[in-house]
Amino acid sequence: LFDGIYPFYPQQRKAAGFDISTIIVIVVFLTLACSFLLIIPGIRGRARLYWTFRVLLSLFVGVVIVVVQFTGDWETGWVQANTSYKSFSHAVVNADIGLHIGLEGVNITLKGNPVNQINETINYNEHFSWSFDANYDRSYSEGLEKGLPSPILYVAEKFTTQSPCAVHRQYRISGHYASATLWVAFCTWIISNILFSMPALVYGGYMLLVTGAFVIFSLLSFSTVRNSPMCLIQIGTATLHIAYGASFWLTLVIGLLCFVAGITVVALHHLNLDLLKTFFDLREDKAEEYQEMTEVFVNYHFMNKAL
């Protein structure tokens, strides 16, 4: 390495499933979870179970909302095919070609079967970004200059601005608005936790509903890419088909979970407030609440001294 950059490669490769940002977010939320688990023994009775369930569930929702913005598997596709390896060469290799589409770009993987063929190690993973602070066409041109394998360049060319597929603008804008709505959902998630700790339980439930709504809005925004028909990605005699990936379905689960939790809190507030307060460890002991002071003992020594 020279100043953290691979020789002959102007940009570092990113993993198809996650990158360094994903690891940082997961470590931060795991640190919060472990910190809570250290203090949970100090909570007595059934409240310990309620606190554990609420905190871990809330942290899970928060980490998913943030992590899916950096993952590259909102849409995925794999195909195994016999294909030419590089331009101006008649060499044919058997390889798995993978396409992983995220909110900020696309990852294209190429792995040989077996990895070592034609005296080379065929195991590539290239990232091409279309975020507003990046230039996808420039990244594609740099791939041409580096001499990347033909299958990677062929798939990457489908998403350029000059491609007849004309999907670059749709993916770029849809990913941008999906990411923006997810950040809004993260802010409303924080507000809901603040309201639950104040406590203002019913308003915390309303904010959970708002969080779920923005999460669903992000899915709807990304789904608009289906309005633009995708060109066939024909590699050899096989066709690479893409479908919604793990990040898309996980985000959908989180959105529905926020709706269920919010509706439950609001319903319990109107139907069974005592049960809701018990779950949030706010219910006062009725024996202490209605206890009357029947007899008072006075220390006359201190009263006379004060007088």
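Let us look at the structure shown here. Bear in mind that the values here come from a model prediction, so they are computed numbers and not experimental data.

Some points on the overall build of the chain
Working step 1: Scanning the chain from N- to C-terminus turns up 10 helices and seven strands.
Working step 2: Expressed as a percentage of its 307 residues, the buried residues of the chain come to 41%.
Working step 3: Considering only intrachain contacts with a sequence separation of at least 6, the fraction spanning at least 24 residues in the chain is 67%.
Working step 4: Accessible surface for the chain amounts to roughly 17,800 Å². Of this, 63% is attributable to carbon and sulfur atoms.

Things to note about the environment of leucine 220
Working step 1: For leucine 220, the position within the fold is in helix α6 (residues 201-223).
Working step 2: With relative accessibility at 51%, the residue leucine 220 sits in the exposed group.
Working step 3: Taking the C-alpha atoms as reference points, leucine 220 and tyrosine 177, separated by 43 residues in sequence, lie 9.9 Å from one another.

What about helix α3 (residues 136-146)?
Working step 1: For α3, the complete set of buried residues consists of Tyr136, Ser139, Tyr140 and Gly143. Seen end-on, α3 carries its buried residues on one side only, within an arc spanning 100°. Exposed residues on α3 whose side chains face more than 90 degrees from its buried face are Arg138 and Glu145.
Working step 2: In this structure, the buried side of α3 is in contact with β3 (105-117), β4 (120-129), α4 (150-157) and α5 (168-197).
Working step 3: Sitting at the head of α3, asparagine 135 places a side-chain oxygen 3.1 Å from the backbone nitrogen of aspartate 137.
Working step 4: Directly beyond the C-terminal end of α3, a positive phi value near 75° is found at glycine 147.

Quick notes on the pairing of β3
Working step 1: Pairing analysis gives seven bridges linking strand β2 (residues 92-101) to β3, with the strands arranged antiparallel. Pairing of isoleucine 101 across the sheet is with valine 106, part of β3.
Working step 2: Connecting β2 to the antiparallel partner β3 that follows it, the hairpin turn spans three residues.
Working step 3: The turn linking β3 back onto β4 is made up of two residues, and isoleucine 118 within it adopts a positive phi angle of 45°.

A closer look at the sheet that holds β4
Within a beta sheet, neighbouring strands are joined by backbone hydrogen bonds and run either parallel or antiparallel to one another.
Working step 1: Read across the sheet, five strands follow the order β4-β3-β2-β1-β7 without closing on themselves; strand pairing throughout is antiparallel. With one partner strand each, in any of the chains shown, β4 and β7 (243-244) form the two edges of the open sheet.
Working step 2: In this structure, β3 lies alongside β4, joined through nine bridges in antiparallel fashion. The partner of leucine 110 across the bridge, within β4, is tyrosine 124.
Working step 3: Its contacts with the sheet place α3 against β3 and β4, and it is angled at close to 160° to β4.

The rules behind the values
Residues numbered from 1 in each chain as written. Predicted model: local features only at pLDDT ≥ 70, side-chain atom pairs only at ≥ 80, totals over all residues. Heavy atoms only, no water. Helix = DSSP H or I, 4+ residues; strand = E, 2+ residues; numbered from the N terminus. Buried < 20%, exposed > 50% of the residue type's maximum accessible area, 1.4 Å probe, protein only. Contact = heavy atoms within 4.5 Å. Areas by Shrake-Rupley, 256 points an atom, 1.4 Å probe, with all protein chains shown as cover. Arc of directions from axis to C-beta. Polar contact = N/O pair within 3.5 Å; in protein donor to acceptor, adjacent residues only side chain to side chain. Pairing = 2+ DSSP bridges. Axes fitted to C-alpha atoms, helices over the stretch in contact; angles between N-to-C directions.

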